[in-house]
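# Topology and contacts: notes
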Amino acid sequence: MVAGIGSRKGVNASEVLAAIETALEAHGLATTALSALATASLKQDEPAIFSAGRDLALPVIVVADDALEAASSRTLSRSELSQAHAGTPSVSEASALAAAGKGAKLLGPRTVLGAVTCAIAISGDAP
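Predicted model, so just to flag it, every value in this text is computed and none were measured.

## Some thoughts on helix α2 (residues 47-56)
What α2 keeps buried is the set A48, I49, S51, A52 and G53. Close packing links the buried residues of α2 with β1 (2-7), α1 (13-26), β2 (36-40) and β3 (60-63).

Structural data, given as structure tokens:
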């Protein structure tokens with residue numbers, strides 16, 4: 001299970017962690033259900049996302065632009081701002097889908113908490 005993260009520039013780790021917790025709670029899950037965090041390559045210099053990964057002892061997968069674009073057609077949410085800047089209607093959803101692998105599914109639309117979005121995807125291999 002992967003938590004995809006999108007954010008505005010300059011967020012802090014506590015904001016990212018709060019968005020992850022809120023998204024997981026919406027699906028009745030604990031952080032122990034996660035195997036990784038994921039984000040778009042345009043967020044690879046956003047320290048808060050990587051700090052959140054360290055706090056949760058989870059790897060952060062930086063999704064390549066082509067994989068993000070390929071997953072974009074399966075997102076549930078739409079942000080014109082995200083589309084303009086990242087080329088996808090939802091960074092968090094597309095990142096989660098791409099990182100969770102072939103056949104991955106979103107548990108629901110992204111959760112928006114302030115300046116951070118989080119979407120949870122389950123691997124297509126999961127039972």
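## Some remarks on unusual backbone geometry
Although it is not a glycine, A57 adopts a positive phi angle of roughly 55°. Among the secondary structure elements, A57 is positioned in the loop between α2 and β3.

## Looking at the pairing of β2
Burial runs high along β2: five of the five residues are buried. Neither face of β2 is exposed, since A36, A38 and A40 on one face and L37 and T39 on the opposite face are all buried. As paired elements, β1 and β2 share three bridges and run parallel to each other. Within β2, the position partnered with G4 by the bridge is A38.

## Looking at the packing of helix α3 (residues 65-72) against helix α5 (residues 91-100)
For the pair α3 and α5, interaxial distance at closest approach is 8 Å and the crossing angle is 105°. Classified by the interaxial angle, the pair formed by α3 and α5 is roughly perpendicular. On α5, the residues that touch A67, L68, A71 and S72 of α3 are V91, A94, S95, L97 and A98.

## Here we look at the environment of A40
Tracing the sequence through the fold places A40 in strand β2. The contact partners of A40, leaving out residues within four places of it in the chain, are V62, V63, L68, V91 and S95.

## Section: α5
For α5, the tally of buried residues reaches eight of ten residues, placing the bulk of the element in the interior. Among the residues of α5, V91, S92, E93, A94, S95, A96, L97 and A100 are the ones counted as buried. Where α5 terminates, the next one or two residues include G101, which has phi positive at roughly 100°.

## Regarding the nonpolar core
Soluble, globular proteins show a tendency: their nonpolar side chains are buried together. Counting 18 residues, the largest nonpolar core has I5, V16, I20, L34, L37, C118 and I120 as the members making the most contacts within it. If you list the elements that add at least two residues to this core, you get β1, α1, α2 and β6 (116-122). Non-local contacts of L37, meaning those with residues more than four positions away in its chain, are made with V2, A3, I20, I49, A52, G53, L56, L58, P59, V60 and I61. Membership of the second largest hydrophobic core comes to 16 residues, among which are A40, L68, A71 and A94.

## Regarding the environment of T31
Turning to its location among the elements, T31 is positioned in the loop between α1 and β2. As for T31 and M1, which are separated by 30 residues in sequence, their C-alpha atoms are 9.9 Å apart. If near-sequence neighbours (up to four positions away) are discounted, T31 is found in contact with L24 and L56.

## A few points about the pairing of β6
The buried fraction of β6 amounts to six of the seven residues, a majority that puts the element mostly inside the structure. Pairing of β1 with β6, which is carried by six bridges, proceeds in the antiparallel orientation. Looking at the pairing, V2 lines up with A121 of β6. In the sheet, strand β5 (residues 111-113) pairs with β6 via three bridges, with the strands oriented antiparallel. Note on β6: the bridge partner recorded for T111 is C118. The hairpin turn running from β5 into β6, its antiparallel successor, is two residues long, and G114 in that turn takes a positive phi close to 65°.

What counts and how
Residue positions are counted from 1 within each chain, in the order its sequence is given. In keeping with the model being predicted, local features are shown solely for residues with a pLDDT of at least 70 and side-chain atom pairs are shown and tallied solely at 80 or more, while totals for entire chains, interfaces and linings include all residues. Hydrogens and water are ignored here; the side-chain numbers use all heavy atoms of the structure. Relative accessible area decides the class of each residue, using a 1.4 Å probe on protein chains only: under 20% of the type maximum gives buried, over 50% gives exposed, and in between gives partly exposed. Helix numbers and strand numbers start at the N terminus; a helix is a DSSP run of H or I with at least 4 residues, a strand a run of E with at least 2. Any two residues whose heavy atoms approach within 4.5 Å are treated as being in contact. Pairing between strands is defined by DSSP: at least two bridges between the two strands are required. Axis geometry follows a simple rule: fit a line to the C-alpha atoms, using only the stretch in contact for helices, then measure angles between N-to-C directions, giving values from 0 to 180 degrees. Roughly parallel means an angle under 35 degrees; roughly antiparallel, over 145; roughly perpendicular, 65 to 115; everything else is oblique. The nonpolar core is taken to be a set of buried Ala, Val, Leu, Ile, Met, Phe, Trp, Tyr and Cys residues, with the residues joined through side-chain atoms within 4.5 Å.

Geometry only, nothing functional implied.
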